[in-house]
Amino acid sequence: MKKLTMFDSTLRDGMQSEGIAFSVEDKLNIAHALDELGIGFIEAGNPGSNPKDLEFFRRIKQNPLKNAMLCAFGSTRRKGIQAADDANVVSLLEADTLAVSIFGKCWDLHVERVINTTLDENLAMIEDTVAYMKQNGKYVVFDAEHFFDGYFHNPEYAIKALDAAAKGGADVICLCDTNGGAYPTDIYTITKQAAERFSNAEIGIHCHEDTGMGVAQSMFAVDAGATHVQGTYVGYGERCGNANLSTLIGNLQLKRGYLCIPKENLPLLTSTARRIADISNIWLPSAMPYVGKSAFAHKGGMHIDGVKKVRESFEHIPPSSVGNERRYLMSEVGGKATLLKKIQRVDVGVDAKSPVVAALVDELKQREFEGYQYEAAEQSFELLIRRMLNKYKPFYKLDYFKIIGEQPLNGQEYPSSAIVKVHVGEESRITGAEGDGPVHALDLALRSALEQFYPVLSEMRLTDYKVRVLESSATTAAKVRVLIDSTDGANTWSTVGVSTDIIEASFMALSDSIEYKLTMEEQKAARH
């Protein structure tokens, strides 16, 4: 297998994504997750831009990476001074990484109107900075910023910028589609020319998703001769994000025969994506190729029947090859076979002729008519199955809950309060909590009461909360469906509640979430 170098920029380019703010601890955890997967290079930040990145580089030395080469990121020297006199350039050396990534301007528009220097001085800035890093023993990746836009505007100058990096001794010349607007076939043609011209350096590609083609652009570049592929592992990045490395690894390694990560690590593809999403506190899109929850999910009865008979009929790869799993979604179009499979996960002794199957089909259709949606809340459906099979153990009994909401005064914010009384066995507890809204307060109060009996609940937290109005014509009397996503760090699960009262619907979903966590723990204890 021909080897490609995977270069991940989650900790630098991904930090520029809206809604992401990694702590130093977050960055350390993500770096080690990528390292375990077998990513070749991890670009970890700009030590000259903020103290957080400096702290990261200091702390990573205490627990160094085992496989990946750590890379510090920075720009070429400023105009009119020597590289050794530029504090930002020197800070790259202080980061003490084996590799550095230097970005320089390749678009004459940026040279003359953004950094306000001459075209010749910009070329000198590129060559001098790369040479300075090579003199200090660094492996140098030159990021040719805005290369494709520069090439379209002034191809001669864009190539001169690459020449300057090559003269300085760059190990990698990475062609960047910084604005994300180039067409894949154009990227192929231009990358092919660069690969033929610069035979002494590795050619890289760095694409963005502004036109939804970052992955395709990167693959076209590889076909044209690029062997160094940059991106972020689950596509985080500025604007629409960067080329998604989890998709690229799946495509390039499984479809094109390139070695992107060690073959034995491919089953880590999904768990790594979910781990990074969890650390980032951003829910992983269900439809993400290879690693998403829906990547191998089947709903239509004909599709389910087909994949059960011949996997390849509706799946392009075995889900297990990337660490994902096949899912048969519960709905009224799913068919009895799907339902039976769900039931047999709880009780293998139930067969297709059992009256409980027909009863559950009727119950499912009635509940979906009422507004429940179990394809997005499979764990609530599992609890429903357990209840109908008399294999459900109630872990607590709710006596009541009360919600108290404060009316804002003079623009100030006041938290909501919740009081909950529960019974566990013969004991009862009353607890109260304040939260950012009634559902948050209810969640805190309920778990506070139950953690005294079930300490394991301290591991879980809510990661997403969605509300949908089901009967808009009924205005304020409409039913609402609440979906809650939860995690304990190792597992994720989804639960649902439906009511005309949004608080009651939220409690139903929240209660199911807690019950499911406790059911998992009980099953785990029984296995041991």
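As the structure is a computational prediction, the values presented were derived from the model and not from experiment. Counting restarts for each chain: residues are numbered from 1 in the order of the written sequence. With pLDDT at 70 or above as the cut-off, local features in this predicted model cover only qualifying residues; side-chain atom pairs require 80 or more to be listed or tallied, and sums for whole chains, interfaces and linings still use all residues. Hydrogens and waters are ignored; side-chain quantities use all the structure's heavy atoms.

Caption draft 1: Spotlight on the sheet that holds strand β13 (residues 427–435). An order of β11-β12-β13 is seen for the three strands of this open sheet, with the pairing classed as antiparallel. The open sheet terminates on both sides in strands that have one partner only, identified here as β11 (397–404) and β13. Strand-to-strand twist across the sheet, computed as the mean angle between neighbouring axes with direction ignored, equals 15 degrees. For two strands to count as paired, DSSP must find a minimum of two bridges between them. A run of DSSP states H or I qualifies as a helix once it reaches four residues; a run of E qualifies as a strand once it reaches two. Both are numbered from the N-terminal end. Inspection of the sheet shows strand β12 (residues 416–424) paired to β13 by nine bridges, in the antiparallel sense. Residue V422 lies in a different strand from β13, and its bridge partner there is R429. Axes here mean lines fitted to C-alpha atoms, for a helix over just the part in contact, with angles spanning 0 to 180 degrees between N-to-C directions.

Caption draft 2: Seen up close, the sheet that holds strand β16 (residues 492–499). Strand order in this open sheet of three strands is β14-β15-β16, and the pairing throughout is antiparallel. If you trace the sheet from one side to the other, it starts and ends with β14 (461–469) and β16, each paired once. Here the strands of the sheet are splayed against their neighbours by 15 degrees on average, with no regard to which way each runs. Both strand β15 (residues 480–487) and β16 contribute to a ladder of eight bridges, which runs antiparallel. Bridging across to β16, V480 finds its partner in S499.

Caption draft 3: Representation of the layout of surface pockets in the model. Taken as a whole, the largest pocket spans an internal volume of roughly 1,200 Å³. A cavity here means a set of points on a 1 Å grid, drawn over the protein atoms and nothing else, where a 1.4 Å probe fits but cannot get out; a pocket is an open set with protein on both sides within 12 Å along at least five of seven lines, and a residue lines either one if it has an atom within 4 Å of a point. Taken together, 42 residues form the lining of the largest pocket, with R274, E325, N491, T492 and W493 sitting closest to its centre. Elements with a contribution of two residues or more to the lining of the largest pocket: α11 (269–280), α13 (336–346), α15 (378–388), β14, β16 and α17 (502–527). Sorting elements by how many residues they give to the lining of the largest pocket places α17 first, with seven residues. Residues that form the lining of the largest pocket fall into these classes: twelve nonpolar, twelve polar and 18 charged. Grid points are joined across faces, edges and corners, and a volume is the space filled by probe spheres set on the points. In the scheme used here, Gly and all other residues not listed as nonpolar or charged are polar, with Ala, Val, Leu, Ile, Met, Phe, Trp, Tyr, Cys and Pro taken as nonpolar and Asp, Glu, Lys and Arg as charged.

Caption draft 4: Highlighting unusual backbone geometry. One non-glycine residue with positive phi stands out, namely R239, at about 60 degrees. Positionally, R239 belongs in the loop between β8 (228–231) and α10 (245–255). Take R239: its relative accessible area is 48%, and that puts it in the partly exposed class. Residue N390 is not a glycine yet carries a positive backbone phi of 55 degrees. Three labels apply to residues, based on accessible area from a 1.4 Å probe with only protein chains included: buried if under 20% of the type maximum, exposed if over 50%, partly exposed otherwise in between.

None of the figures reported here should be taken as evidence of function without further support.
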